[in-house]
Amino acid sequence: MSAQGHIVRHRRWLSVVLLAIALLIPTATAFAGPPSPLTPASTEATIIRDLYAIVFWIAVGVFVIVEGVLVYSVIRFRRQHPEEVPVQLHGSTPVEVAWTIAPAIIVAVLMLLTLRSMRTLYQIPSGTINVEVIGHQWWWEFRYPDLGITTANELHIPVGEMVRLRIESVDVIHSFWVPELGGKTDAIPGHTNTTAIQAMKAGRYHGQCAEFCGAQHAQMRIEVVASPPAEFQQWVENQKVAAAAPSDEAAQRGQQAFMSSACIGCHTIAGTPAQGKIGPNLTHFASRRTFAGASFETTPQNLAAWLRDPQALKPGTLMPKVGLSEEQINDIVAYLLSLK
């Protein structure tokens with residue numbers, strides 16, 4: 001086989017490999033594990049996934065046609081004799097009209113499908129649960145104004161019910177994104193964006209701030225806990241109750257240490273003198289699986305390390321090193337873990 005034949009053969013295989021990669025992209029992504037917009041768990045995420053699938057397969061069709069014509073042209077019109085000059089042909093008007101109109105039609109169809117999806121996504125019915133989502137560097141605050149609840153990092157919602165999210169920021173631009181429940185919505189200082197999610201099945205859904213917002217942007221995570229309506233209502237009732245007084249001696253000492261330190265200037269614990277508004281509300285801190293922007297599991301070891309030196313775990317965080325003794329740290333850990 002000549003060198004030119006090898007080139008043609010390699011081009012054929014390259015086209016096949018590229019096509020295979022294009023066809024396998026959605027499959028590979030779907031098995032990458034959560035969170036993934038290709039495994040929707042809400043009505044809104046399903047609309048987005050369906051639109052993506054249409055756009056993807058149209059792109060695949062265009063790719064196959066273009067590459068097919070290219071490969072055919074390479075094989076059919078290859079020069080048999082290098083010394084010969086190929087016949088020079090001018091453009092064909094029908095062909096040029098066709099490849100101008102066809103893309104225009106495709107773009108018009110995609111635009112109409114996109115507008116239809118956007119219209120559906122922005123239709124938020126009345127009577128929904130309202131949640132104010134507030135972005136901080138680097139954690140999320142969730143307020144339920146109709147229920148009198150404020151929590152952090154974990155957003156609780158009932159399965160099957162529409163939840164209206166009013167999203168804003170107190171410092172820089174953030175972006176709220178839980179891929180399996182919906183699209184991205186920016187949190188902008190001085191401006192409120194509104195979106196809605198409706199989980200179709202119970203579970204924990206993980207999200208991430210999707211707008212670079214500073215040094216710890218990667219550790220500004222979100223957990224959405226979708227529960228059956230009865231369990232959600234039980235959670236609501238528990239969150240409405242003020243923090244219980246600790247019964248354990250270590251926890252009691254921890255409460256005293258907490259209330260006599262700078263902690264009360266930043267954190268709120270309902271039913272106590274701690275009424276700070278800068279940091280997360282800690283009234284039911286121990287009921288949350290994670291803390292510090294959903295970056296660390298709520299365990300005694302992680303809490304002790306955090307109280308000892310927050311900057312070592314999350315450089316740049318607004319929580320300073322308070323300078324607590326080891327005994328105070330252990331007691332405050334016991335107190336925080338009693339706040340269920």
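Residues numbered from 1 in each chain as written. Predicted model: local features only at pLDDT ≥ 70, side-chain atom pairs only at ≥ 80, totals over all residues. Heavy atoms only, no water.

(A) Molecular detail of the environment of S42. Locating S42 in the fold gives a position in the loop between α1 (3-30) and α2 (43-76). In this structure, S42 is in contact with E180, L181, G182, Q198, A199 and M200, ignoring residues within four places of it in sequence. At a separation of 3.0 Å, a polar atom in the side chain of S42 contacts the main-chain amide nitrogen of A45. (Helix = DSSP H or I, 4+ residues; strand = E, 2+ residues; numbered from the N terminus. Contact = heavy atoms within 4.5 Å. Polar contact = N/O pair within 3.5 Å; in protein donor to acceptor, adjacent residues only side chain to side chain.)

(B) Here's a closer look at α2. Relative to the 50 Å expected for 34 residues at 1.5 Å per residue, α2 spans 49 Å between its end C-alpha atoms, a close match to the ideal helical length. Those residues of α2 that fall on the buried side of the exposure criterion are E44, A45, T46, I47, L51, F56, V60 and V74. (Expected span 1.5 Å × (residues − 1). Buried < 20%, exposed > 50% of the residue type's maximum accessible area, 1.4 Å probe, protein only.)

(C) Layout of the sheet that holds strand β5 (residues 163-169). Across the sheet, which stays open at both edges, the five strands sit in the order β3-β2-β1-β5-β8 with mixed pairing between neighbours. Strands at the two margins of the open sheet, each flanked by one partner only, are β3 (149-152) and β8 (193-197). Between one strand axis and the next, the sheet turns by 25 degrees as a mean value, whatever way the strands run. For strand β2 (residues 139-144) and β3, the ladder comprises four bridges, and the chain directions are antiparallel. Note on β3: the bridge partner recorded for Y144 is I149. Along the sheet, helix α4 (residues 229-240) contacts β1 (129-136), β2 and β3; its crossing angle with β3, the most-contacted strand, is approximately 100 degrees. (Pairing = 2+ DSSP bridges. Axes fitted to C-alpha atoms, helices over the stretch in contact; angles between N-to-C directions.)

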